[in-house]
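# Coordinate analysis (summary)
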Amino acid sequence: MGSNLANVKHNIFLTYCHEVVGVAMKWLVKQHFPMSAIGEANNFQETFSDLPKKRYDLVVLDAEIADNVHLLGAVQRIKSLSPFTRILIFSELDEAVYGPRYLAFGTNGFLAKNADVDDIVLAIETALRGDVFHGEDEVAYRLSPREHQIADLLIRGTSLSQTAQLTNLKETTISTYKKRIFEKFGVKTLSDLISVWEIYR
């Protein structure tokens, strides 16, 4: 698949934890976005140092870089250094668990490292356009109809006992559903669920 942005010049910054990942990503970007300039780093400190030197359109942020910087902290730092730069998370982590969490922090997508080339190109294109890339496995579509109903009620502020009455289920059953929904979205609190729910509605 060729990129629709092949003839558009962008500045793309790649971070990577292993040299082979960096080589592969640089090759892919050069093949599909040949007009683009590429910056690179294999740690967060170098990333933070280099980003202000040029206006980058996109940072592909490797979640497995072994720095002492928390990934969400890195996302916030990049946004403070370069507010108009889009961020695409590139990770070995489970998208169903971690994807919503990073999207809630304003990134432009979560890309699994085992994604095929077409998906990687599509993710980069989507982020460069300022849109949000969703992998094939979007969490909201993996909720059962009952889980979706209960999640919607909880987000509207309905108590567990009221939800039980409205769904003709026991309150303990609602608690079980709530726990399962939280696990699927990778959140621990209702406020976190509300934040990510809007992304997937």
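So, here's what we can say about the structure. Just so it is clear, the model here is predicted, and its values are computed rather than measured.

## Focus: the sheet that holds strand 2 (residues 37–41)
One open sheet accounts for five strands, arranged 2-1-3-4-5; its pairing is parallel. This sheet does not close on itself; its edge strands, each paired only once, are strand 2 and strand 5 (110–112). Sheet twist, expressed as the average angle between the axes of neighbouring strands with direction ignored, equals 20 degrees. The sheet contact formed by strand 4 (residues 86–91) and strand 5 spans three bridges and is parallel. Each residue of the ladder has a partner; that of Ser 91, found in strand 5, is Ala 112. Across the sheet, helix 5 (residues 117–128) touches strand 1 (11–15), strand 3 (58–62), strand 4 and strand 5, and the angle it forms with strand 4 is around 155 degrees.

## A word on helix 5
Given a rise of 1.5 Å per residue, 12 residues ought to cover 16 Å, and the 16 Å separating the end C-alpha atoms of helix 5 matches this to within 8%. In terms of residue burial, helix 5 counts as a mostly covered element, since nine of its 12 residues are buried. Buried within helix 5 are the following residues: Asp 119, Ile 120, Val 121, Ala 123, Ile 124, Glu 125, Thr 126, Ala 127 and Leu 128. Buried residues along helix 5 sit in contact with strand 1, helix 1 (19–32), strand 3, strand 4 and strand 5.

Definitions and cut-offs
- Residues numbered from 1 in each chain as written.
- Predicted model: local features only at pLDDT ≥ 70, side-chain atom pairs only at ≥ 80, totals over all residues.
- Heavy atoms only, no water.
- Pairing = 2+ DSSP bridges.
- Helix = DSSP H or I, 4+ residues; strand = E, 2+ residues; numbered from the N terminus.
- Axes fitted to C-alpha atoms, helices over the stretch in contact; angles between N-to-C directions.
- Contact = heavy atoms within 4.5 Å.
- Expected span 1.5 Å × (residues − 1).
- Buried < 20%, exposed > 50% of the residue type's maximum accessible area, 1.4 Å probe, protein only.

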